[in-house]
Amino acid sequence: MAPYFIKNLIPRRGNTDNSGVIPALASLTWVQWAQFWSGWLAWTCDALDFFSVSLTVTSLAVQFGKSSQKITTAITLTLLFRSAGAVIFGILSDRFGRKWPLVINLIICCVLELGTGFVKTFPQFLAVRSLFGIAMGGIWGLSSSNALENIPVELRGLASGILQQGYAVGYLLAAVINLTIVAHHTWRALFYFGACISFFAAIVRALVPESEVFIKAKELEKARGANTSTKTKVFIHETKEMLKLHWKLCIYAVLLMTGFNFLSHGSQDLYPTYLETTKGFSSHDATIATIIGNCGAIAGGAIAGWGSQYIGRRLTIIICVLLVGAFIPLWIIPSSFSALSAGAFWIQFGVQGAWGVIPIQLAEMSPPAFRATFPGVAYQIGNMVSSASAQIEATAGSHIQTTIIKNGQPELVNDYATVQGILIGVVAAYVIIVTIVGPENHSSHFEKHKAAFEEGGGHDDAFMDDEQGGRPRSIREVEDEKAFSA
């Protein structure tokens, strides 16, 4: 007899308030639309600046007189420090609300992006990128909770896919800017542009109202007479309770996100360098191929996110990662631009299709009161573990070499194709195994749960009080009530 986690790959779909995607879309208010897109824009800004380094490794190496391997140290440091930002800004968001912690986070990103464009030495560059890692670490958890908790359950799969592909859109924007503006100026222009977009995103979020879920929770606590000091003490207590109850889930989430981060960074961070070095592409052609790959990523994320609403989060992830494995040969074996671009499209369709499910999978899996801190920290600790992926590929590539014909002459170059093919193949197998054995809480109504600063918030069965001011309703009671009303 098959284990439970295999039989449960396609979960029972919970009862929902609308009959489908179209009625759910029609029910959205302008505030809900604005909250979603402000979260998406913040994540797009985050990705734009992060990939600015990946796209300019060659230019940065010339600027600072360092090897590509040394330049990728900046990528490693950024990823290492992201977990610190996830803890800091995640706690601020779960304690004080979604709006202002995200605004402050974006402004800090803006300042550090601007600072990157003004550095003069390599140590200065590394220092600024390390600080940016802290700021960048807070964005994803805050953007995800900001975007998903105020929309109907029926839309959360699709919304998750679109939200996560802000990452691909940011990469796409960075590639377009690199292809146009940077080609006529310097690499610094890319970071100046990113700073402007981050500041714009901060203004947008400042103009959008606070999350309705948080407003209700604060009103309830105010009615009970709780002050700031009391709420902070409760928050600390409930955090400890959550960790006692869910330490195994915390470990699982980190293991899952370690695999996912190796999958994305291993297939993206050195991709332009791989095309330029191993395949002999020009910087222009490498950028075009990157743009094509990100078009696949955007399509994959939206389609997989939507599909996960019907066939389940884990099964969707498994199908997408199997797709990645199937297209690895097309990604690394050909030498022509058209074939490699097609490989990039389908690899990123699979990678970011799987990633498109992650925001909602982590949100539904999380202890409900900590859906900014838990997903953000799990994501960024996974990033920290996988932070050396670019350096691993750069170092391994320098030890495995191949011969290409360049200007009619054979030339010995680093074989990044073989290195990336092996790494992504192994990681894909790991992600499938970890996903299969993991939990899934499909269509969870986490928006009805108590906030982390309310008593009982650290427990999974602490729902907000009903209109008569009764005790918190358990999950079983909520489900029974829905079944009765249906």
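The structure presented is a predicted model; accordingly, all values stated were derived computationally and were not measured.

Caption draft 1: Here's a closer look at the overall build of the protein. For the protein, the count of helices and strands is 20 helices and two strands. Put simply, the protein has 486 residues, and 58% of those count as buried. Restricting the contact set of the protein to residue pairs at least 6 apart, pairs at least 24 apart contribute 82%. A total of about 19,100 Å² of accessible surface is found on the protein, and carbon and sulfur atoms cover 67% of it.

Caption draft 2: Structural detail: the environment of T395. Tracing the backbone through its elements, the reader meets T395 in helix α18 (residues 389-399). Relative accessible area serves as the criterion here: at 28%, T395 is assigned to the partly exposed category. Considered as a pair, T395 and Q69 are 326 residues apart in the sequence and their alpha carbons are 6.8 Å apart.

Caption draft 3: Local environment of helix α8 (residues 156-164). Judged by how many residues are buried, α8 sits mostly within the fold: seven of nine residues are covered. Taken together, the buried positions of α8 are R156, G157, A159, S160, G161, L163 and Q164.

Caption draft 4: Region of interest: the environment of A286. As for its placement among the helices and strands, A286 is situated in helix α14 (residues 283-311). Setting aside its immediate chain neighbours within four residues, A286 contacts P272, L275, E276 and F281.

Caption draft 5: Summary view of the packing of aromatic side chains. In total, this model carries 26 aromatic pairs according to the counting rule given. Note on F50 and F51: the rings are 5.2 Å apart at their centroids and 80° apart in plane angle, and the pair reads as edge-to-face. By the burial criterion, F50 is buried, and F51 matches it. For the ring pair W187 and F191, a centre distance of 5.9 Å and an interplane angle of 85° mean the geometry is edge-to-face. A residue is classified by how much of its surface remains accessible, and W187, at 4% relative accessible area, is buried.

Caption draft 6: Layout of the packing of helix α7 (residues 122-148) against α8. The N-to-C vectors of α7 and α8 enclose an angle of 145°; their axes lie 10 Å apart at closest approach. Judged by the sense of rotation from one axis to the other, the crossing of α7 with α8 is right-handed. The segment α7 lies against α8, with W140, S143, S144, A147 and L148 engaging R156, A159, S160, L163 and Q164. The class makeup of the residues in the contact of α7 with α8 is five nonpolar, four polar and one charged.

Caption draft 7: Broad picture of the pattern of salt bridges. Within this structure, the stated rule accounts for seven salt bridges. In this structure, the salt-bridge partner of D94 is R98, at a minimum N-O distance of 2.9 Å. For R98, a relative accessible area of 1% corresponds to the buried category. Across the pair R313 and E364 runs a salt bridge whose closest N-O atoms are separated by 2.9 Å. Of this pair, R313 sits in helix α15 (residues 313-332) while E364 is found in helix α16 (residues 337-365), placing the two residues 51 residues apart along the sequence. With respect to burial, R313 and E364 carry one shared label: buried. Among the ionic contacts, a cluster of salt bridges with common partners joins D94, R98, E149 and R371.

Caption draft 8: View of the side chain of D94. Positionally, D94 belongs in helix α5 (residues 68-96). Residue classification places D94 among the buried residues on the basis of a relative accessible area of 0%. Looking at D94, its side chain comes within polar contact range of the side chain of T373, at 2.5 Å. Ignoring sequence-local partners within four residues, the contact set of D94 consists of F214, F235, A369, F370, R371, A372, T373, A452 and F453.

Caption draft 9: Expanded view of α7. Here α7 is 27 residues long and its end C-alpha atoms lie 39 Å apart, about the 39 Å a rise of 1.5 Å per residue gives. The buried count for α7 comes to 22 of 27 residues, which makes it a mostly enclosed element.

Caption draft 10: Structural context of the side chain of S308. Position of S308 relative to the elements: it lies in helix α14. Only 2.7 Å separates the side chain of S308 from the backbone oxygen of G305, close enough to count as a polar contact.

Caption draft 11: Inspection of the confidence of the model for the protein at higher detail. Looking at the protein, the pLDDT average stands at 85 and 90% of residues meet or exceed 70. Mean pLDDT across the secondary structure elements of the protein bottoms out at helix α20 (residues 475-485), with 42, and peaks at α15, with 95. Note on residues 466-486: pLDDT is under 50 here. Beyond four places in sequence and across chains, it has 24 contacts.

Caption draft 12: Geometry of a nonpolar patch on the surface. The grouping of V87, I88, I91, L92 and F96 at the surface amounts to a nonpolar patch, some 380 Å² of accessible area in total. Mapping I88 onto the fold places it in helix α5. Of the residues examined, I88 reaches a relative accessible area of 43% and is grouped as partly exposed.

Caption draft 13: Structural context of the packing of helix α6 (residues 99-116) against α7. Running from amino to carboxyl end, α6 crosses α7 at an angle of 150°, the nearest separation of the two axes being 9 Å. If you check the angle between α6 and α7, you find them roughly antiparallel. Between α6 and α7 the crossing geometry is left-handed. From α6, P101, L102, N105, L106, I108, C109, L112, E113, G115 and T116 reach across to α7, where they touch F125, V128, R129, L131, F132, A135, M136, G138, I139, L142, S143 and N146. The class makeup of the residues in the contact of α6 with α7 is 14 nonpolar, six polar and two charged.

Caption draft 14: Representation of the state of the cysteines. The tally for this structure, following the rule as stated, stands at zero disulfides. No disulfide involves C45; its sulfur sits 8.6 Å from the nearest other cysteine sulfur, which is in C109.

What counts and what doesn't
Residues numbered from 1 in each chain as written. Predicted model: local features only at pLDDT ≥ 70, side-chain atom pairs only at ≥ 80, totals over all residues. Heavy atoms only, no water. Helix = DSSP H or I, 4+ residues; strand = E, 2+ residues; numbered from the N terminus. Buried < 20%, exposed > 50% of the residue type's maximum accessible area, 1.4 Å probe, protein only. Contact = heavy atoms within 4.5 Å. Areas by Shrake-Rupley, 256 points an atom, 1.4 Å probe, with all protein chains shown as cover. Phe/Tyr/Trp six-rings, centres within 6.5 Å; stacked < 30°, edge-to-face > 60°. Axes fitted to C-alpha atoms, helices over the stretch in contact; angles between N-to-C directions. Left-handed = near helix turned anticlockwise from the far one by under 90°. Nonpolar A, V, L, I, M, F, W, Y, C, P; charged D, E, K, R; others polar. Salt bridge = Lys/Arg side-chain N within 4 Å of Asp/Glu carboxyl O. Polar contact = N/O pair within 3.5 Å; in protein donor to acceptor, adjacent residues only side chain to side chain. Expected span 1.5 Å × (residues − 1). pLDDT = per-residue confidence, 0-100. Patch = residues over 30% accessible without salt bridge, like charges linked within 9 Å, V, L, I, M, F, W, Y side chains within 5 Å. Parallel < 35°, antiparallel > 145°, perpendicular 65-115°, else oblique. Disulfide = S-S within 2.5 Å.

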